[in-house]
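# Topology and contacts: notes
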Amino acid sequence: MLGGHQRACYAVDEHGRYVVVGSLGWEAENIVNGQANDEVRAEIATALGCARRGEVSALAYHMARRQMDSGMLAAYAEISRLRVWWHLRPQVFRRLPDKVLQRYAEALQLPLAELRTLPAENDCERL
Amino acid sequence: MSDFEHRHAGHCESGTVAALLRHQGLDLSEPMVFGIGGGLFFLHLPWLRMGGIPLTSYRDAPRAIIKNIGKRFGIRWKQHRYRDPASGMRALNQFVDSGRPVGVQTSVYWLPYFPVEMRFHFNGHNLVVYGREGSNYLISDPIGETVVTCAAEDLQRARFAKGVFAPRGLTYYPEGVPRNPDLRPAVRDAIRATAKRMVDMPVPMFGARGIGWMARRLERWPEKLGAEKARKWVGSIVRMQEEIGTGGAGFRFIYAAFLQEAGDLLNNATLRECATDLTATGDRWREFAVQGALLVKQRQDGGAAYTRLATLLRECGEREQEIFTRLKTAV
């Protein structure tokens, strides 16, 4: 889970003194972190499904892929929440000018061309 | 600038503060910084939600350690925030080029050296920037085992992340760091203040009482929220306790390490006893984490599993109530 990295933990040595020990993560921590990551994947999968069925725009999928909600995306793109909400509609999003799309592309750190499309595979991984 | 000494720390804020003070000649252990900074606390606020999950915290508010260390040692923190990211990066360049390591507040989401599975939109991460090479910054992230480098555009994005606790480029460094201060008054003051906050809060959501208060609510989660959401909320408490840079058991171990050091410094037997007792309480917190994780993994949705968790929590709350009541008059 920590990708082989160690985190510093405080533990008592055989003399009862506190020392810093490296921990590769223990089971309880891995389970709950796995749960949080599964949650993210489930949200991406839901957004992707809705976008494929044309219920929401591709923007909703890319937003979920960056673990953002519309409020956070609005803050990053400096576009009002109401407009972001409006742009989550497929018909509206399709007609957006490049100028607006560019702001979303920068906020989400994606190439502009990718922003309009959905992945070919059912890609639910983030980043 | 390559003479910056990196040390692996349990918690980002105490690690960053300890590193910055050490660089200016005041060498304190991380537990000492955490303890004098009054880092330990507990609160559970069901009304304050992040991503739909109630806020549970095992520590004081972000930046409390910085503030308290300043107050107890008479250190002035120079703090700068920037409206414009470009000027924030220019200012950072000036600091590191003049040989001054600085602490910065960042979002972990945009830091590429973090493992992907750890990258969430959390804006309260602290780290030290101590130099640069070409377009890369040299970073001493207290959570990491070694120093790392980070590209300028990634660091800029992390420093100017948006949302809750937006860092707005916050950069800070201490001024007027005393060389050999008398630690004893600072330690006494800090222990008294933390103990008071843990046991004397007039509202039930805070301090040792807050733990029992959360236990009572947690017991009702499966019927109130439904099985899936209740599991998610339990998982979030365990994550706050074990995963988000706490040094283990929701900062209880690092605080016990502080009490141990303080006990030696003040030659105070009560502090040493309290350190041992807090370690034992930390072990009970770990048991809570184990049981909570098991509930998540095996989808134990019956009320019995939640009652078991609540019982453990109440025990932790009672033990901490007792420990911090003793600490209030120990120094």
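These notes cover the structure that comes with them. Since the structure is predicted, the reported quantities are computational estimates derived from the model, not experimental observations.

Reading the values: the criteria
Residues numbered from 1 in each chain as written. Chains lettered and ligands numbered in written order. Predicted model: local features only at pLDDT ≥ 70, side-chain atom pairs only at ≥ 80, totals over all residues. Helix = DSSP H or I, 4+ residues; strand = E, 2+ residues; numbered from the N terminus. Rg over C-alpha atoms; globule rule 2.2 N^0.38 Å. Pairing = 2+ DSSP bridges. Expected span 1.5 Å × (residues − 1). Buried ≥ 20, exposed ≤ 12 C-beta atoms within 10 Å, placed from the backbone. Contact = placed C-beta atoms within 7 Å. Axes fitted to C-alpha atoms, helices over the stretch in contact; angles between N-to-C directions. Nonpolar A, V, L, I, M, F, W, Y, C, P; charged D, E, K, R; others polar.

## Brief notes about the overall build of chain A
If you tally the helices and strands in chain A, you get seven helices and two strands. Counted from the first residue to the last, chain A has its helices and strands arranged as β-β-α-α-α-α-α-α-α. Taken over the C-alpha trace, chain A has a radius of gyration of 20 Å; the compact-globule value for 127 residues is 14 Å, which it surpasses by more than 25%. Viewed in the frame of its principal axes, chain A has a C-alpha envelope of about 70 × 30 × 25 Å.

## A short note on the pairing of strand 2 (residues 53-59) of chain B
All names here are of chain B. Note that strand 1 (residues 40-50) and strand 2 share six bridges and pair antiparallel. Along strand 2, the bridge assignment pairs Arg 49 with Pro 54. Count of turn residues in the strand 1/strand 2 antiparallel hairpin: two residues, of which Gly 51 carries a positive phi of about 60 degrees.

## A few points about helix 9 (residues 252-266) of chain B
Helix length check: helix 9 of chain B, at 15 residues, gives a terminal C-alpha distance of 21 Å against a target of 21 Å (1.5 Å per residue), a fit within 8%. Taken across its 15 residues, helix 9 of chain B has twelve buried, putting it largely inside the fold. Buried residues of helix 9 of chain B: B:Arg252, B:Phe253, B:Ile254, B:Tyr255, B:Ala256, B:Ala257, B:Phe258, B:Leu259, B:Gln260, B:Glu261, B:Ala262 and B:Gly263, and no others. In this structure, the buried side of helix 9 of chain B is in contact with strand 1 (7-12) and strand 2 (18-23) of chain A together with helix 2 (30-36), strand 1, helix 6 (183-199) and helix 10 (269-298) of chain B.

## Quick notes on the sheet that holds strand 6 (residues 136-140) of chain B
Residue and element names in this part refer to chain B. Spatial strand order, 3-8-4-5-6-7: six strands in an open sheet with antiparallel pairing. The sheet is open, and its two borders are formed by strand 3 (76-80) and strand 7 (148-151), each paired with just one other strand. Adjacent strand axes in the sheet meet at a mean angle of 40 degrees when their direction is disregarded. Bridge count for strand 4 (residues 102-106) against strand 5 (residues 125-133) is five bridges, and the pairing is antiparallel. Paired with Gly 103 across the strands is Val 128, a residue of strand 5. Against the sheet, helix 4 (residues 85-97) engages strand 3, strand 4, strand 5 and strand 8 (171-175), with an angle of about 70 degrees to strand 5.

## A closer look at the interface of chain B and chain A
Contacts between the two partners involve 34 residues from chain B and, on the opposite side, 29 residues from chain A. Every element with two or more residues in the side of chain B that touches chain A is listed here: helix 8 (227-242), helix 9 and helix 10 of chain B. Sort the elements by how many residues they give to the side of chain B that touches chain A and helix 10 of chain B lands first, with six residues. Considered class by class, the residues forming the side of chain B that touches chain A number 16 nonpolar, nine polar and nine charged.

Nothing here speaks to function; it is all geometry.
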